[in-house]
Amino acid sequence: MPHGNLGTGLTATAPCFFYAADRVVLPIVGLQAFRLFDPIIVFRPVFVVDSRLYWFLGIIAVAVVGTAVYRLASSPAEVETVRVQRREVVEVYVATGRIEAPRTSDLGVEVAGTVRHIAVEEGAEIDRGDRLVALRPRNAELAVQKAEARVETLRSELQEIRRGATDANIRAAESKVTQFAAQLAQAEREQRDTKALFENDVVSERELEQARTAAKEARARLENAEARLERLRERPLPEQVRAARSRLEQGRVDLERARNDLAETIIRAPFGGLILAIETDEGERVTPNQTVARMADMTSAEVYAEVDEDYFGRLAAGQPATLLFPSMPGEAFSATVRRVGPEVAPDRGVIGVHLAPDSLPDNAFPGLTVDANIEVARLDQALAAPTDAVVRDPTGTYVLTIRDGETVRQAVDVRARGDPWMALEGVDAGTRIVRKAARLEIGQAVTPAGGDES
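Scoring rules and cut-offs
Residues numbered from 1 in each chain as written. Predicted model: local features only at pLDDT ≥ 70, side-chain atom pairs only at ≥ 80, totals over all residues. Heavy atoms only, no water. Helix = DSSP H or I, 4+ residues; strand = E, 2+ residues; numbered from the N terminus. Buried < 20%, exposed > 50% of the residue type's maximum accessible area, 1.4 Å probe, protein only. Polar contact = N/O pair within 3.5 Å; in protein donor to acceptor, adjacent residues only side chain to side chain. Expected span 1.5 Å × (residues − 1). Contact = heavy atoms within 4.5 Å. Pairing = 2+ DSSP bridges. Axes fitted to C-alpha atoms, helices over the stretch in contact; angles between N-to-C directions. Parallel < 35°, antiparallel > 145°, perpendicular 65-115°, else oblique. Left-handed = near helix turned anticlockwise from the far one by under 90°. Salt bridge = Lys/Arg side-chain N within 4 Å of Asp/Glu carboxyl O. Core = buried A, V, L, I, M, F, W, Y, C linked by side-chain atoms within 4.5 Å.

Peer 1: Where do I start with the side chain of Gln85 in this structure?
Peer 2: Within the secondary structure layout, Gln85 lies in strand β7 (residues 85–100). Here Gln85 falls in the buried class, since its relative accessible area comes to 18%. Polar side-chain contacts of Gln85 include one of 3.5 Å to the side chain of Arg87.

Peer 1: For this particular structure, what's the right way to read helix α4 (residues 205–233)?
Peer 2: The α-helix advances 3.6 residues per turn, and as a result positions three or four apart in sequence lie on the same side. An ideal rise of 1.5 Å per residue puts 42 Å on 29 residues; α4 measures up with 43 Å between its terminal C-alpha atoms. Along α4, the residues classified as buried are Leu208, Ala211, Ala215, Ala218, Leu222, Ala225, Leu229 and Leu232. Those residues of α4 hidden inside the fold are in contact with α2 (138–163) and α3 (167–199).

Peer 1: Any chance you could explain the side chain of Glu302 here in plain terms?
Peer 2: Within the fold, Glu302 resides in strand β16 (residues 302–308). Since its relative accessible area comes to 5%, Glu302 is described here as buried. Engagement of the side chain of Glu302 in a polar contact is seen with the side chain of Arg338, the distance being 2.8 Å. At 2.6 Å, the side chain of Glu302 forms a polar contact with the side chain of His354. When near neighbours in sequence (up to four residues on either side) are disregarded, Glu302 contacts Arg98, Ile99, Glu100, Pro102, Arg338, His354, Leu355 and Pro357.

Peer 1: When you look at the pairing of strand β22 (residues 396–403) in this model, what are you seeing that I'm missing?
Peer 2: Taken together, the three bridges between strand β21 (residues 391–393) and β22 define a ladder with antiparallel strand orientation. Paired with Val391 across the strands is Tyr398, a residue of β22. Here β21 folds back onto β22 in antiparallel fashion, the turn holding two residues. By the bridge criterion, six bridges tie β22 to strand β23 (residues 406–411) in an arrangement that is antiparallel. Each residue of the ladder has a partner; that of Leu400, found in β23, is Arg409. Connecting β22 to the antiparallel partner β23 that follows it, the hairpin turn spans two residues, and Asp404 within it adopts a positive phi of roughly 55°.

Peer 1: It is not clear to me how the packing of α3 against α4 should be interpreted in this structure. Could you clarify?
Peer 2: The description of two packed helices rests on the angle between their axes and on the distance between the axes. Across the interface, α3 lies against α4 with an axial gap of 8 Å and an inter-helix angle of 160°. One element, α3, and the other, α4, form an angle in the roughly antiparallel class. Between α3 and α4 lies a crossing of left-handed hand.

Peer 1: Can you walk me through the sheet that holds strand β15 (residues 291–296) in this structure?
Peer 2: Strand pairs in the sheet, formed through backbone hydrogen bonds, run parallel or antiparallel to each other. A sheet is described by the order of its strands in space; here four strands give the open sequence β8-β15-β13-β10, paired in antiparallel fashion. At either end of the open sheet lies a strand with only one pairing partner, and these are β8 (104–108) and β10 (125–126).

Peer 1: Help me out: how do you make sense of the pattern of salt bridges in this one?
Peer 2: Oppositely charged side chains are able to pair whenever their charged atoms sit close together. For the structure shown, the criterion picks out 19 salt bridges. Residues Arg155 and Glu152 are paired through a salt bridge, measuring 2.5 Å at the closest nitrogen-oxygen approach. Placement of both Arg155 and Glu152 in helix α2 is noted, with a separation of three residues, approximately one turn of the helix. Given a relative accessible area of 26%, Arg155 falls into the partly exposed group. Looking at Glu152, the relative accessible area reads 46%, which means it is partly exposed. Each of Glu80, Asp388 and Arg435 takes part in a single network of salt bridges with overlapping partners.

Peer 1: Help me understand the pairing of strand β25 (residues 421–425) in this model?
Peer 2: Side-chain direction in a regular strand flips from residue to residue, so the side chains alternate between the two faces of the sheet. The element β25 is extensively covered by neighbouring structure, given that four of its five residues are classed as buried. Where strand β20 (residues 369–386) lies against β25, three bridges are found, and the strand directions are antiparallel. Paired with Ala385 across the strands is Met422, a residue of β25. Pairing of strand β24 (residues 413–417) with β25 involves four bridges; the strand directions are antiparallel. What sits directly across from Val414, in β25, is Leu424. Between β24 and the antiparallel strand that follows it, β25, lie three residues.

Peer 1: So what exactly am I meant to see when it comes to the nonpolar core here?
Peer 2: For soluble globular proteins, nonpolar side chains are generally found buried alongside one another. Residues Ile99, Val307, Leu323, Phe325, Leu355 and Ile374 are the most contacted members of the largest nonpolar core, which totals 25 residues. Of all the secondary structure elements, the ones that give two or more residues to this core are β7, β16, β17 (320–324), β18 (332–345), β19 (350–357) and β20. Take this core: its biggest share by element is four residues, from β20. The residues contacting Phe325, other than those within four sequence positions of it, are Ile99, Phe333, Leu360, Pro361, Leu368, Thr369 and Val370.

Peer 1: Looking at this model, I keep getting lost on the sheet that holds strand β14 (residues 285–286). Mind explaining?
Peer 2: In space, the four strands of this open sheet follow the order β12-β11-β9-β14, with antiparallel pairing throughout. Here the strands that pair on one side only, and so sit at the sheet edges, are β12 (266–268) and β14. Looking at chain direction, strand β9 (residues 113–118) and β14 are connected through two bridges and run antiparallel. Pairing of Thr114 across the sheet is with Arg285, part of β14.

Peer 1: How should α2 be read in this particular structure?
Peer 2: Here α2 contains 26 residues, and its C-alpha end-to-end distance of 38 Å stays within 8% of the 38 Å for a straight helix at 1.5 Å per residue. All of the buried residues in α2 are Ala140, Val144, Ala147, Val151, Leu154, Leu158 and Ile161. The inward-facing, buried residues of α2 contact α5 (238–263).

Printed below as a string of structure tokens:
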């Protein structure tokens, strides 16, 4: 049996030590004693290696651990309890949606032209009637001037027919007849001379045809002048007045159309809203019906979200909601369910919900993501229990009560799933139930550890 020198203290450590007195070995405090001077006994540590001793100590350790485990397993688990109580319970369905603008307009041009100026930028807020895009108006302006002159001529003609011809009008018409008669005579002479020259191969066939055409035109002018002179000498007939009036009305229609075309060279906002896109550039040539800008009326904006179709029967128009924007933490905006559906996605099992916001952020625009917390139920003075006290498994929903020191299952129905309280049916007010019930077994020995919220 190894040992150290006298008086040197500890020499080694080992799993166990024992007491030796005058070479009699007893396993007690881990010291060796031997008789040095009778009756003095000196103690010092001794390192012992004995397989029988290891077996003996292992058996003792197993017995101690087993006893502890048995006592721990057989002792009741301490649980937190709470009493069922009456209180307000609010159930909220959280859905993610986006801002939509039902009133959106693609603005196009009605006339062809070249873009002269773009007056707004994308994202700008505008009022009804604001100028957005302007085309170069030169051609449209000329068309208006021509139409205005035509209307003035037709108005004078109508007045002349209504009044009847004056002596001056008749003399002027007679002068025109004389003039056109002389022109016709001259044209016919030239036609005869040209024909003779053609027959003698002096002029070409083309020149002969030109002479014939000139004679026909001179004859037509003379006939028109003679007809006009005849009308002036007669009293105006009612049908002549109606015809002149009809021509004037048509001229006015043409003028209005020309003015509208001129106005169409300036594209204005049909309503107040937000400019979503400008789809042209200055100097670009545009054609009728081509879109140059797109805008949305944000006063009609709504939030569209999709919810599980299992909630279809619990959603209804008028339910309050709260809108939260991920980009604006800490700010909330109230809203109301406008309608449920009719959008349905059978493959995903969801239905569409439209919410009308009471207000939106000033910089909101269509497509922006928003979380909608829809209040699907609000119960006053409902029997309620904390959410962690209610368990749902394939057989149903239940809470755990304590009877004779063991957990007992009590079936319940959920009326509203709030946070952190749920409204229940099937349990009485004041009933003590176990919290964190999902961690426990039915029939498990337990003892209340406080936490009673009555």
